[in-house]
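Reading the structure
Chain by chain, the residues:
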Amino acid sequence: GAREATSPLTRMMVGSAAATLSRLYNQTRQPLARPVKLLLDEADNLGACSPLINIVTELRKQQVTAFLGVQSLEQLKRNYRSQYQTLLQNSDLIICGGMKSPKEYMEVSQLIGTRTINPITKGKDSISTGEAPVHWWALMTCSPCLKPNT
């Protein structure tokens, strides 16, 4: 089908981007001049894309962010097998919606844990803060935002 026809090309493009960004950093040992954001919707269509692991583990230090859109954790498990946990553990933001499996909800819930946030309310003449516990039901964003439990 279409996935089998396009996956190698898409993996090549992601791999080429990762290699170029690594080379730029290795030449200068300076942070990249501008943050780089990779948006990979329907990331399951990539299949197993090993350069993606490098992006989320190494290139994130150089302001490279990967936004992966998947429909289920099972897609990640199928494509990345033993590296599945590496993707999750190096994700700073995980957003889940529309999952159908209670098992997946429990897995995501355990991964994310309970957080306390301090919401800021801006009124006409004042700013107030409070504390509210939030259980993050959590798409994976490999960027500096919220860190899952490790």
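Residues numbered from 1 in each chain as written. Predicted model: local features only at pLDDT ≥ 70, side-chain atom pairs only at ≥ 80, totals over all residues. Heavy atoms only, no water.

Right, let's talk about the environment of Asp44 for a bit. Positionally, Asp44 belongs in the loop between strand E1 (36-40) and helix H2 (50-57). Residue classification places Asp44 among the buried residues on the basis of a relative accessible area of 10%. In the structure, Asp44 is positioned 35 residues away from Asn79 in sequence and 7.4 Å away in space, judged by C-alpha atoms. (Helix = DSSP H or I, 4+ residues; strand = E, 2+ residues; numbered from the N terminus. Buried < 20%, exposed > 50% of the residue type's maximum accessible area, 1.4 Å probe, protein only.)

On to helix H5 (residues 102-112). Looking only at H5, the buried set comprises Glu104, Val108, Ser109, Leu111 and Ile112. Buried residues in H5, looked at end-on, bunch into an arc of 160°, giving them a common side. Those residues of H5 that are exposed and angled more than 90 degrees off the buried face are Pro102, Lys103 and Gln110. Positive backbone phi, approximately 75°, marks Gly113, located one or two places after H5. (Arc of directions from axis to C-beta.)

The subject of this paragraph is the pattern of salt bridges. Under the counting rule described, the total for this entry stands at 4 salt bridges. Note that Asp44 is salt-bridged to Arg78, the shortest N-O span being 2.6 Å. Of the two residues, Asp44 sits in the loop between E1 and H2 while Arg78 sits in helix H3 (residues 73-80), which places them 34 residues apart along the sequence. Between Glu107 and Lys77 there is a salt bridge, with the nearest N and O atoms lying 2.9 Å from each other. Taken together, the residues Glu107 in helix H5 and Lys77 in helix H3 connect sequence positions 30 residues apart. Owing to a relative accessible area of 22%, Glu107 belongs among the partly exposed residues under this scheme. Residues participating in the shared-partner salt-bridge network are Glu74, Lys77 and Glu107. (Salt bridge = Lys/Arg side-chain N within 4 Å of Asp/Glu carboxyl O.)

Of note in the backbone geometry, Arg29 takes a positive phi value of approximately 55° without being a glycine. Relative to the helices and strands, Arg29 is located in the loop between helix H1 (2-28) and E1. Looking at Arg29, the relative accessible area reads 52%, which means it is exposed. A positive phi angle is found at Gln63, which is not glycine, with a value near 70°. Looking at the element boundaries, Gln63 is found in the loop between H2 and strand E2 (64-68). For Gln63, a relative accessible area of 36% gives the class partly exposed.

Further remarks concern a nonpolar patch on the surface. On the surface, a cluster of nonpolar side chains totalling about 330 Å² of accessible area is made up of Leu9, Met12 and Met13. For Leu9, the location among the structural elements is in helix H1. (Patch = residues over 30% accessible without salt bridge, like charges linked within 9 Å, V, L, I, M, F, W, Y side chains within 5 Å. Areas by Shrake-Rupley, 256 points an atom, 1.4 Å probe, with all protein chains shown as cover.)

Bringing the environment of Glu4 into the picture now. Locating Glu4 in the fold gives a position in helix H1. Glu4 gets classed as exposed once you look at its relative accessible area, which sits at 56%. Along the primary structure Glu4 and Gly47 are separated by 43 residues, whereas in three dimensions their C-alpha atoms are 9.0 Å apart.

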